[in-house]
Amino acid sequence: MQTSRGWSVVPVLALILAAMWVTSPAAQAQKPDAKVLTEFKAKVEAYDTLRKDLQKKAPPLKKTDDPVEIAQAEKAFAQQVRVARANAKPGDIFTPDTQRVFKRLLNSTLKGDEGVENKHVLKEDRPPASKIPFEINGEYPKDQPLSTVPPDMLKVLPMLPENVQYRFVGKHLLLYCTRGNLIIDYMLNAIP
Amino acid sequence: MRTPKPNTLTALLVSVLAAGIIAAAQDLTLPRKQGSLKFAVIGDTGTGDSNQARVAKVLWGTHQNFPYEFALMVGDNIYGADNPRDYEKKFEIPYKPILDAGVKFYAALGNHDSPNQRLYKPFNMNGQRFYSFKPKNGVRFFALDSNYMDPEQLQWLEKELKASGSDWKIAFFHHPLYSSGERHGSDTALKDQLEPLFQKYSVDLVLTGHDHVYERIKAQRGITYFVIGNSAKLRKGDLEDIGLTAKGFDAGYGFMLAELDGDQMHFQVISDQAKTIDAGVVLRNRQPNAPADAPPGTVTIPKKPQK
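Because the structure is a prediction, the values reported are computed rather than measured.

Visitor: I would appreciate a short explanation of the pairing of strand S11 (residues 254–261) of chain B in the present structure.
Guide: Looking along a regular strand, one sees the side chains alternate between the two faces of the sheet. All names here are of chain B. For S11, the buried fraction is high: 7 of the 8 residues fall into the buried class. With 5 bridges connecting them, strand S1 (residues 37–42) and S11 associate as antiparallel partners. If you follow Leu37 over to S11, its bridge partner there is Leu260. Here 8 bridges tie S11 to strand S12 (residues 264–271), and the two strands are oriented antiparallel to one another. Residue pairing for S12: Phe255 is matched across the bridge by Ile270.

Visitor: How do you make sense of helix H4 (residues 67–84) of chain A when you look at a structure like this?
Guide: For an α-helix, 3.6 residues make a turn, and residues three or four places apart therefore share a direction. All names here are of chain A. Over its 18 residues, H4 extends 26 Å from the first C-alpha to the last, a length consistent with the 26 Å expected when each residue adds 1.5 Å. Within the span of H4, buried status applies to Pro67, Ile70, Ala71, Ala73, Glu74, Phe77, Ala78 and Val81. Down the axis of H4, the buried set is contained in an arc of 165°. They therefore lie on one face. Exposed side chains of H4 directed beyond 90 degrees from the buried face belong to Lys75 and Val83.

Visitor: Is there a simple way to explain the interface of chain B and chain A in this structure?
Guide: Interface extent is often summarised as the accessible area lost during association of the parts. Listed as interface residues are 40 residues of chain B and, on the opposing side, 39 residues of chain A. Across the chain B/chain A interface, buried area totals approximately 3300 Å², and carbon plus sulfur atoms make up 53% of it. Looking at the side of chain B facing chain A, the largest losses of area belong to B:Asn116, B:Leu119 and B:Tyr148, adding up to 19% of the total buried there. Summed over the shared surface of chain B and chain A, the result is 1 salt bridge. Between A:Lys142 and B:Asp82 there is a salt bridge; the shortest N-O distance is 3.2 Å. The interface formed by chain B and chain A includes 14 residue pairs in polar contact (both at pLDDT 80 or more). The set of elements that each furnish at least two residues to the side of chain B that touches chain A consists of helix H3 (84–92), helix H5 (151–163) and helix H6 (188–200) of chain B. Class assignment of the residues belonging to the side of chain B that touches chain A gives a composition of 14 nonpolar, 14 polar and 12 charged.

Criteria and thresholds
- Residues numbered from 1 in each chain as written.
- Chains lettered and ligands numbered in written order.
- Predicted model: local features only at pLDDT ≥ 70, side-chain atom pairs only at ≥ 80, totals over all residues.
- Heavy atoms only, no water.
- Buried < 20%, exposed > 50% of the residue type's maximum accessible area, 1.4 Å probe, protein only.
- Helix = DSSP H or I, 4+ residues; strand = E, 2+ residues; numbered from the N terminus.
- Pairing = 2+ DSSP bridges.
- Expected span 1.5 Å × (residues − 1).
- Arc of directions from axis to C-beta.
- Contact = heavy atoms within 4.5 Å.
- Buried area = accessible area lost by both parts, 1.4 Å probe.
- Salt bridge = Lys/Arg side-chain N within 4 Å of Asp/Glu carboxyl O.
- Polar contact = N/O pair within 3.5 Å; in protein donor to acceptor, adjacent residues only side chain to side chain.
- Nonpolar A, V, L, I, M, F, W, Y, C, P; charged D, E, K, R; others polar.

Here you go:
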């Protein structure tokens, strides 16, 4: 279709629609990856700051000959976290935006020959999902193995502070605090 | 470390006496030179069951004739729950005579191990999930956390390897880069990350577990690999013939003794029945005076065990 001035109506309409989409709430909700990852890191750092504060109130987790001391330090710290994060909910750290970006990053490591290897690692000795409580501030069961995380995945995901790790339970990704043996957040179906 | 209960001590005394008998029956092929570095390697140990106890007895028995200074643990040090009682049952009691003799244990973390095992002093991890140590001049050991090989650990490893110059470089960790075990097999995702570093910095020897068998791998790119995952658990008949095996044993339990002397590392693998499963010599990588027909990582096997 052409106007009297010779303009094509279709491109003009496309431009108008594109301009409307860019300013729409749906488009604005799609934060750039860099921003999402920065926000994620800030949330993890906030947890780490809390960890540092809380562990001052718990028995120190230090090198010892006596495993009783390790167990007591873990449990006391975990209890402090449960009180301090009593209102924490699933998705507080793994926000919907983070989940969107993480899923894409993780998916990129599951393609090609390397993807086959990485899938194999994830299937290795994974704990059954039924044995793991998907509970914020829940204890990771001591009698279950911790899944091995493929190095390729650790390369694409944001680096975590020393006491926080990514761990998989089947397709689900945990944010795991080694200090208190705690699940601090989780993302269901992080990988296909 | 806490003292086990009196009835446990009685059981241990019986164990120690039995171990002496086993040791007497054991033919050691190792040179047992004065001044050499002697150590043992055990893997997938922490069951607390009779299989672990039996291997531990033979291991202790060999100490009389081969006084190893330390033992490497290649992961799965405490299976199942790791409550305080489990440390006692799955480590302190089985290895009590060895610990009492002053032998140090250096642990790497397996997939069944809590990351906080790093704080348990008898594992000598110095509070770290990956670490290195130098028991004497000219040799350095690298304990890695193969469950969580993040960029931080890879950077640390490269820095440590680079700084270790011409030392013997021996890495130990849980997941095997090469294995003919049907249950797990080679961890190729990990191999992609570690093998280039091992090659670049001339790592001599890699000790792993995870597959519950013993396997010596044919030298891969000049590096000798061992799987020693049968010191308490066993997957009978698990070794497949995929062309990797130089020597395999999937019919029983065992451990390794090693003696490092100059550019040679002698090894002997012994079963829970005190039989020699494998023995030989690993030549040091990149050794300056290596004969032309002896590529790095070559393993030579003595024709007859020497008594």
